[in-house]
Amino acid sequence: MKVTLENISKNFGHTKAVNNFSAVLPDGNLICLLGPSGCGKTTILNMLCGILNPTSGKIFFDNEDVTALPSDLRGIGMVFQNYALYPHMSVLENICFPLEVQKVPKKERKERAEEIARLVHVEELLSRFPGELSGGQQQRVAIARALVKKPKLLLMDEPLSNLDARLRLEMREEIRRIQIETGVTTVFVTHDQDEAMAISDNIILLKEGQMVQEGKCQDLYNNPANQFVADFLGNPPVNKIEITEELEKALKKTLPAIAELKKSHSLILAVRPESFLFGKKGLEAKVLNISQMGKEQILTLSLYGNNVRAILNSDDEFEDGQIINLSFKEKGLFLFDKATGERLF
């Protein structure tokens, strides 16, 4: 099912939680709403499911205006951060519960619950109670309960935040598998950029209730619309370097656009850590610290008075205090206006 949000706003008193937000969520895609706390992600999710009504704007499921439609008539499944399983019910009873509310016959309820349990790999746990399950197992049951209704739209609000790091990795792979197998349009809310980039077809990055940029995860990473996008995506984060006259001279061959742009802008050079190249020629930098990361190493360097991080091949050997020469790859190099964050190059 395609979902369309047209100029949606939501006010809480004088606070504008969502401000004139528009987006089209394609049928069968997994879309991540990504952004810092308070940016409006969960508010948008709650308007999609009908918990909140927009202050203005419209929501369409395919071509049907559902803006004023009650939540129980929207055909949605919801997975919450805290799982919200009923502790006195078995796994089978928890999965069956939405069908019981819909007055689906008992035999059909059991058959559908068992089918969806196999899909999410909890078929061996149907007789257990939530208190006997691990966090990952509880999350699978919560997903099964949301999917058993055969929803047109699946909404997931920070569903992995209560899991440890290893389980988070496992469960995001499982959620992606389940979404592909079911083909249900899914909206996944998270503040974790690694999670969003690993799991989604498309990312909508939000700031202060407004969309900053939308697109494929690699498009946002490789072509950030502004400094906020470049800052938010990437781990380690993008390096930000103020352009001094000395650095400008050193960069003229690499970035000839600097000279012209510097006439009308205060510039910030942003460089992805993996976009540095080590060689015999280039900008001089001093090694401050070295962290080994398997086949790569992260070097903290002093570069023209700025501390930067560079990801370099572990085949090259470095020492603390060593002076090295750096150049840049073509990708991952940006110029921003220091005052506005606008991308200039």
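Going along each chain's sequence as written, the residues are numbered from 1 onward. Given that the model is predicted, a residue must reach a pLDDT of at least 70 before its local features are reported, and side-chain atom pairs must reach 80 or more before they are shown or counted; all residues, however, enter totals for whole chains, interfaces and linings. Side-chain numbers come from the whole structure's heavy atoms, not from hydrogens or water.

Enquirer: Looking at this model, I keep getting lost on the overall build of the protein. Mind explaining?
Expert: Regarding its fold elements, the protein presents 10 helices and 18 strands. Pairs of residues are marked as contacts when any of their non-hydrogen atoms sit within 4.5 Å. Here the contacts in the protein between residues at least 6 apart in sequence split such that 67% fall between residues at least 24 apart. On the protein, roughly 17,000 Å² of surface is accessible, and the fraction owed to carbon and sulfur atoms is 47%. If the 42 positive side-chain charges of the protein are averaged to one point and the 46 negative ones to another, these points end up 3 Å apart. Only DSSP runs of H or I covering at least 4 residues are called helices, and only runs of E covering at least 2 are called strands; the numbering of each starts at the N terminus. For the accessible areas, the method is Shrake-Rupley and the probe is 1.4 Å, while residue cover comes only from the protein chains on display. As used throughout, the charge tally considers Lys and Arg to be positive and Asp and Glu to be negative, leaving His and the chain termini uncounted. By convention, the charge on Lys lies at NZ, on Arg at CZ, on Asp at CG and on Glu at CD.

Enquirer: Quick question: what am I supposed to make of the sheet that holds strand 12 (residues 267-271) here?
Expert: Two strands in a sheet stick together by hydrogen bonds in their backbones, pointing the same way (parallel) or opposite ways (antiparallel). When DSSP locates at least two bridges between a pair of strands, those strands are taken to pair. Strand order in this open sheet of three strands is 11-12-18, and the pairing throughout is antiparallel. Single-partner strands in this sheet number two, and they are strand 11 (239-242) and strand 18 (333-337). For this sheet, the mean angle separating the axes of adjacent strands, direction not counted, is 30°. Fitted lines through C-alpha atoms serve as axes, helices being fitted only where they are in contact, and the angles separating the N-to-C directions of these axes extend from 0 to 180 degrees.

Enquirer: Teacher, can you tell me more about a negative patch on the surface here?
Expert: Side chains of Glu-6, Asp-27, Asp-62, Glu-64 and Asp-65 sit close together on the surface and give a patch of like negative charge. Topologically, Asp-27 is positioned in the loop between strand 2 (15-25) and strand 3 (30-34). The exposure class of Asp-27 is exposed, given its relative accessible area of 52%. Patch rule: a residue counts if its relative accessible area is over 30% and it has no salt bridge; like charges are joined within 9 Å, and nonpolar side chains (Val, Leu, Ile, Met, Phe, Trp, Tyr) within 5 Å. Here a salt bridge means any side-chain nitrogen of Lys or Arg lying within 4 Å of a carboxyl oxygen belonging to Asp or Glu. Summary of the burial criterion: residues with accessible area below 20% of their type's maximum are buried, those above 50% are exposed, and those between are partly exposed, where the area comes from a 1.4 Å probe applied to protein chains only.

Enquirer: Whenever I open this one, helix 1 (residues 41-49) confuses me. Can you help?
Expert: Residues that lie three or four places apart on an α-helix share one face, since the helix turns once every 3.6 residues. Taken across its nine residues, helix 1 has eight buried, putting it largely inside the fold. Burial in helix 1 covers these residues: Lys-41, Thr-43, Ile-44, Leu-45, Asn-46, Met-47, Leu-48 and Cys-49. The first or second residue beyond helix 1 is Gly-50, which carries a positive phi of 95°.

Enquirer: I'm lost on unusual backbone geometry in this one. Help?
Expert: A negative phi angle is the norm for most residues apart from glycine, just as the trans form is the norm for most peptide bonds. Between Asn-235 and the following residue, Pro-236, the backbone shows a cis peptide bond with an omega angle of 0°. Residue placement: Pro-236 occurs in the loop between helix 8 (227-232) and strand 11. You will see that Lys-103, though not glycine, has its phi angle at about 60°, which is positive. Along the polypeptide, Lys-103 turns up in the loop between helix 2 (91-101) and helix 3 (106-119). The backbone phi angle of Lys-150 is positive, close to 55°, even though this residue is not glycine. Assignment of secondary structure puts Lys-150 in the loop between helix 4 (135-147) and strand 7 (153-157).

Enquirer: Would you mind showing me how to read the packing of aromatic side chains here?
Expert: Aromatic rings considered in pairs are described by the distance between their centres and by the relative angle of their planes. Aromatic rings from Phe, Tyr and Trp, taking only the six-membered ring of Trp, are treated as a pair when their centres fall within 6.5 Å; an angle between ring planes under 30 degrees marks them as stacked, one over 60 as edge-to-face, and anything in between as tilted. Tallied over the full model, the rule gives five aromatic pairs. Plain terms: the ring middles of Phe-276 and Phe-328 are 5.6 Å apart, the flat faces sit at 40° to each other, and that makes the pair tilted. Residue Phe-276 is located in strand 13 (residues 276-279), and its partner Phe-328 is located in strand 17 (residues 323-328); the two are separated by 52 residues in the primary sequence. Phe-276 gets classed as buried once you look at its relative accessible area, which sits at 2%. With a relative accessible area of 13%, Phe-328 lands in the buried category. Both a distance and an angle decide whether a charge sits over a ring: NZ of Lys or CZ of Arg must be within 6 Å of the ring centre and within 35 degrees of the ring normal. Taking NZ or CZ as reference, Arg-272 lies 3.9 Å from the ring centre of Tyr-221, over its face.

Enquirer: Help me understand the state of the cysteines in this model?
Expert: The bond known as a disulfide is covalent and runs between the sulfur atoms of two cysteines. Put simply, a disulfide is two cysteine sulfurs that come within 2.5 Å. In total, this model carries zero disulfides according to the counting rule given. Cys-39 forms no disulfide, and the closest cysteine sulfur to it belongs to Cys-32, at a distance of 12 Å. Of all cysteine sulfurs in the structure, the one in Cys-32 sits closest to Cys-217, which takes part in no disulfide; the separation is 8.9 Å. On the basis of relative accessibility, which here comes to 14%, the residue Cys-217 falls in the buried class.

Enquirer: Where do I start with the nonpolar core in this structure?
Expert: Considering soluble globular proteins, one finds that nonpolar side chains tend to be buried as a cluster. Of all hydrophobic cores here, the largest spans 49 residues; its most connected members are Ile-95, Ile-143, Leu-147, Ile-175, Phe-188, Ile-203 and Leu-233. The dominant element in this core, judged by the number of residues it contributes, is helix 4, at six residues. Here Leu-147 is in contact with Ile-116, Leu-119, Leu-154, Ile-178, Thr-182 and Val-184, once residues within four sequence places are set aside. For the purposes of this section, nonpolar cores are sets of buried Ala, Val, Leu, Ile, Met, Phe, Trp, Tyr and Cys residues that join through side-chain atoms within 4.5 Å.

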